[in-house]
Amino acid sequence: MSTTQTLILGAIAGFTIFLGLPMGRMRNLSPRVGAGLNAMATGILIFLFWDVVSHGVEPVEAHLEAHSWGTFLAYAALLTGGFAAGMMSLVYYDGWLKTKRSSPLVGPGAAAIEEFRSRSWIESLTPGHRLALLIATGIGLHNFGEGLAIGQSAAAGELSLALVLIIGFGLHNATEGFGIIGPLSTEAQRPTWAFLGLMGLIGGGPTFLGTVIGQAWVSPALEVAFFAIAGGSILYVVIQLLEVCRRAALPRLIAWMLLLGLFLGFATDWVLVAAGA
């Protein structure tokens, strides 16, 4: 498989995320349908959290079992540091945004700064749109690690494994699109095509970028770091979505749809397992 063919297939694997995004423009949904889509998105993200954590922990445990203490400590630091960075950066950023909104500026230049704030793209987003952006960011970090795996397999000459990874990750990404639109289904404001396109680029584009880097440079440590950062950010988003699910006050529907999202994630992962990847 040539480099060009590998990169094209890596791009296809990443951009299948766009398949589920158009549903984000559906409106006039009943509260039950909106809550169900949000719960399914939560289930998909819970699976992704398990997926990235397991991928990040495997190399750390391998060095521990081999009694390679120095390498183990280095990888463990990457794992814990990346996880903390992924989660706490979003915690502090969200807190910073809330503080900015609740504390009006005073003094010289306050009017100009407030006008700049009002034009800030992120601050102009609705809560559901901001949550969708956070989900796309966490998924993008996860997909960068997947892209590294595709590129490294192709670079090592393991073509059958690379093809299986491309098919499996393509299926994964198709379900991740539904994870992004979940918070949008309960809002009155319909997302624009431009916003959905940007979410697709943020969530799916890193698969292609990871394939490019993995093809040229093999680094297990880099994979651990990005899986750890993705795990922390996805956990933060899951906490936010669970709170949205709780407010829906539809416990049975939420539970069934959450399980459906979780099982969809496992079903796509089993494609890889069945192929021995």
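## Concerning the overall build of the protein
Within the protein, the secondary structure is distributed over nine helices and zero strands. Counting over 277 residues, the protein shows a buried share of 47%. Restricting to contacts in the protein with at least 6 residues of sequence separation, those with at least 24 account for 86%. With an accessible surface of roughly 13200 Å², the protein has 71% of that area assigned to carbon and sulfur atoms.

## A short note on the confidence of the model for the protein
Per-chain confidence: the protein averages 80 in pLDDT, with 82% of residues scoring 70 or above. Within the protein, the lowest mean pLDDT, 50, falls on helix α4 (residues 110–119), and the highest, 88, falls on helix α7 (residues 193–216).

## Quick notes on helix α2 (residues 31–65)
Over its 35 residues, α2 runs 50 Å from end to end, which matches the ideal 51 Å to within 8%, given 1.5 Å per residue. The axis of α2 is deflected most strongly, by about 25°, at E58, and proline P59 appears within four residues downstream. A positive backbone phi angle near 60° is found at H67, which sits one or two residues after α2.

## Observations regarding the side chain of H129
Within the fold, H129 resides in helix α5 (residues 127–155). Overall, the relative accessible area of 3% leaves H129 in the buried class. Beyond its immediate stretch of four places on either side in the chain, H129 contacts L184, E187, Q189, P191 and F195.

## Topic: helix α1 (residues 3–15)
In an α-helix there are 3.6 residues to a turn, and that puts residues three or four apart on one side. Here α1 is 13 residues long and its end C-alpha atoms lie 18 Å apart, about the 18 Å a rise of 1.5 Å per residue gives. Along α1, the residues that are buried comprise T6, G10, A13 and G14. Down the axis, α1 shows its buried residues gathered within 95° of arc, on one side only.

## Considerations on the pattern of salt bridges
Pairs can form between side chains of opposite charge whenever their charged atoms are close. Applying the stated criterion to the full structure yields two salt bridges. A salt bridge links R246 to E243, with the nearest nitrogen and oxygen atoms 2.6 Å apart. Of this pair, R246 and E243 are both found in helix α8 (residues 220–247), three residues apart, which corresponds to roughly one turn of the helix. By relative accessible area, E243 is classed as partly exposed at 32%. Among the salt bridges present, the one from R247 reaches E243, with a minimum N-O distance of 3.7 Å. Within this pair, R247 and its partner E243 are both found in helix α8, separated by four residues, close to a single helical turn. For R247, a relative accessible area of 55% corresponds to the exposed category. Within this structure, E243, R246 and R247 form a network of salt bridges that share partners.

Reading the values: the criteria
- Residues numbered from 1 in each chain as written.
- Predicted model: local features only at pLDDT ≥ 70, side-chain atom pairs only at ≥ 80, totals over all residues.
- Heavy atoms only, no water.
- Helix = DSSP H or I, 4+ residues; strand = E, 2+ residues; numbered from the N terminus.
- Buried < 20%, exposed > 50% of the residue type's maximum accessible area, 1.4 Å probe, protein only.
- Contact = heavy atoms within 4.5 Å.
- Areas by Shrake-Rupley, 256 points an atom, 1.4 Å probe, with all protein chains shown as cover.
- pLDDT = per-residue confidence, 0-100.
- Expected span 1.5 Å × (residues − 1).
- Bend = angle between axes of the 7 residues up to and from the residue.
- Arc of directions from axis to C-beta.
- Salt bridge = Lys/Arg side-chain N within 4 Å of Asp/Glu carboxyl O.

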